[in-house]
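Architecture and fold: a report
Residues per chain are reported as follows:
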Amino acid sequence: MVDIDTTDAVERAAELLRGRRTVVISGAGLSTDSGIPDYRGHRSPPRTPMTYQQFVGDPVFRQRYWARNHVGWRRMDAARPNPGHRGVARLERAGVVSGVITQNVDLLHMKAGARRVIDLHGTYARVRCLNCANLISRMTLAQHLEAANPGFAENVSAGATGIEVAPDADAVVTDTDRFRMVDCMACGGMLKPDIVYFGENVPPDRVEAAFDMVEQAQAILVAGSSLTVMSGLRFVRRAAKNGVPVVIVNRGRTRADELATLRIDAGCSETLCALADLGS
């Protein structure tokens, strides 16, 4: 692993990626400049992510989650791509980036104009029935939740400033006892955001598509991920095993540092913009 001055590192990264089909593996650190906090950033407060077992096994927990999400998803929906997302999209248009595997659920790569994106952990914008697998948009569910809880989101927003939203669109809201959940409109089953929670497996077809993308890659660019969980780390390990150069851009250490050809300890926005300037 090489860890050098940021300016020199960006130029070296551009040389490593130039002429190679590069796959980007992105994490929550890429979206912090869009106002979406991360779980494990170098300045992030301790967070306890929700688990799949909590969601399906505890009605009170699930009620609290949907109340918080009813507020939080709107703020995530309103988030806009930052220069890092736009830098990745520019690199794709320039033919440097051949695809993106993102661990984020915020759709900001797509909003920035990236075309070939695998949303590894799903997206905030869809909701799935755990019984019949029916999919609906989060906007559709919002309309049903608003009908069941008129004025809830507006009252919360009016009564608080600077509501924090977690990377899974869960807002920090405390008064949730009277919030009413709704069930699947097709079968009456349990509804869950189409997001892979901790303790839940990424759908096999999605994993296979991501591995196929990595197998075709000639370089890997990790952007804003500590790669703490295996769902992202396994792709870097596969690439390193294939002898593919790995460039990591992240503030702080990552679980794959020993696999990196080059590591840049800096913010994603400025680094990816500089890479796009050199690579386009």
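Residues numbered from 1 in each chain as written. Predicted model: local features only at pLDDT ≥ 70, side-chain atom pairs only at ≥ 80, totals over all residues. Heavy atoms only, no water.

Turning our attention to the overall build of the protein. Counting secondary structure elements, the protein contains ten helices and nine strands. Counting only contacts in the protein whose residues sit at least 6 apart along the sequence, the fraction spanning at least 24 positions is 73%. Carbon and sulfur atoms provide 49% of the accessible area of the protein, an area that totals close to 12,400 Å². (Helix = DSSP H or I, 4+ residues; strand = E, 2+ residues; numbered from the N terminus. Contact = heavy atoms within 4.5 Å. Areas by Shrake-Rupley, 256 points an atom, 1.4 Å probe, with all protein chains shown as cover.)

We now examine empty space enclosed by the protein. A full pass over the atoms with the stated rule returns three cavities of 30 Å³ or more. Each pocket or cavity is described by its volume, and for the largest cavity that value is around 60 Å³. What lines the largest cavity is simply Ala 14, Leu 17, Arg 18, Leu 91, Val 96, Leu 275, Leu 278 and Gly 279. Counting only elements with at least two residues in the lining of the largest cavity, the list comes to helix H1 (6-17) and helix H10 (268-279). (1 Å grid on protein atoms, 1.4 Å probe; cavity = no way out; pocket = protein on both sides within 12 Å on 5 of 7 lines; lining within 4 Å. Points joined across faces, edges and corners; volume = space filled by probe spheres on them.)

On to the environment of Gln 103. Among the secondary structure elements, Gln 103 is positioned in the loop between strand S2 (97-102) and helix H5 (108-112). Judged by relative accessible area, Gln 103 falls into the buried class, the value being 12%. Distance from Gln 103 to Gly 122, taken between C-alpha atoms, is 8.2 Å for residues 19 residues apart in sequence. Sequence-distant contacts of Gln 103, defined by excluding residues within four places in its chain, comprise Ile 25, Ser 26, Gly 27, Leu 120, His 121, Ser 225, Leu 227, Val 229, Ser 231 and Gly 232. (Buried < 20%, exposed > 50% of the residue type's maximum accessible area, 1.4 Å probe, protein only.)

One open sheet accounts for three strands, arranged S5-S4-S6; its pairing is antiparallel. Across the chains shown, the open sheet's two edge strands, defined by having one partner strand only, are strand S5 (135-137) and strand S6 (191-195). Strand-to-strand twist of the sheet, defined as the mean angle between neighbouring strand axes without regard to direction, takes the value 40°. Pairing between strand S4 (residues 122-129) and S5: three bridges, direction antiparallel. When the bridges of S5 are listed, Arg 128 appears paired with Leu 135. Against the sheet, helix H6 (residues 138-148) contacts S4, S5 and S6, and its axis sits at roughly 75° relative to S5. (Pairing = 2+ DSSP bridges. Axes fitted to C-alpha atoms, helices over the stretch in contact; angles between N-to-C directions.)

Within the open sheet, the six strands sit side by side as S3-S2-S1-S7-S8-S9. Their pairing is parallel. Two strands bound the open sheet, and with one partner strand each, they are strand S3 (117-119) and strand S9 (262-264). Geometrically, the sheet is characterised by an average inter-axis angle of 15° between neighbouring strands, direction not taken into account. Of the strand pairs in this sheet, strand S7 (residues 219-223) and strand S8 (residues 246-249) are connected by four bridges, and their pairing is parallel. Looking at the pairing, Leu 221 lines up with Val 247 of S8. Across the sheet, H10 is in contact with S7, S8 and S9; its angle to S7 comes to roughly 150°.

A few words on H6. When we look at burial in H6, the residues that qualify are Arg 138, Leu 141, Ala 142, Leu 145 and Ala 148. End-on, the buried residues of H6 take up no more than an arc of 120°, which puts them together on one face. In H6, the exposed positions that point more than 90 degrees away from the buried face belong to Gln 143 and Ala 147. Buried residues along H6 sit in contact with helix H3 (59-78), S4, S5 and S6. (Arc of directions from axis to C-beta.)

The subject of this paragraph is the side chain of Thr 254. Assignment of secondary structure puts Thr 254 in the loop between S8 and S9. Side-chain polar atoms of Thr 254 contact the backbone nitrogen of Ala 256, separated by 3.1 Å. In this structure the side chain of Thr 254 is engaged in a polar contact, spanning 2.7 Å, whose partner is the side chain of Asp 257. When near neighbours in sequence (up to four residues on either side) are disregarded, Thr 254 contacts Ser 225, Ser 226 and Ile 248. (Polar contact = N/O pair within 3.5 Å; in protein donor to acceptor, adjacent residues only side chain to side chain.)

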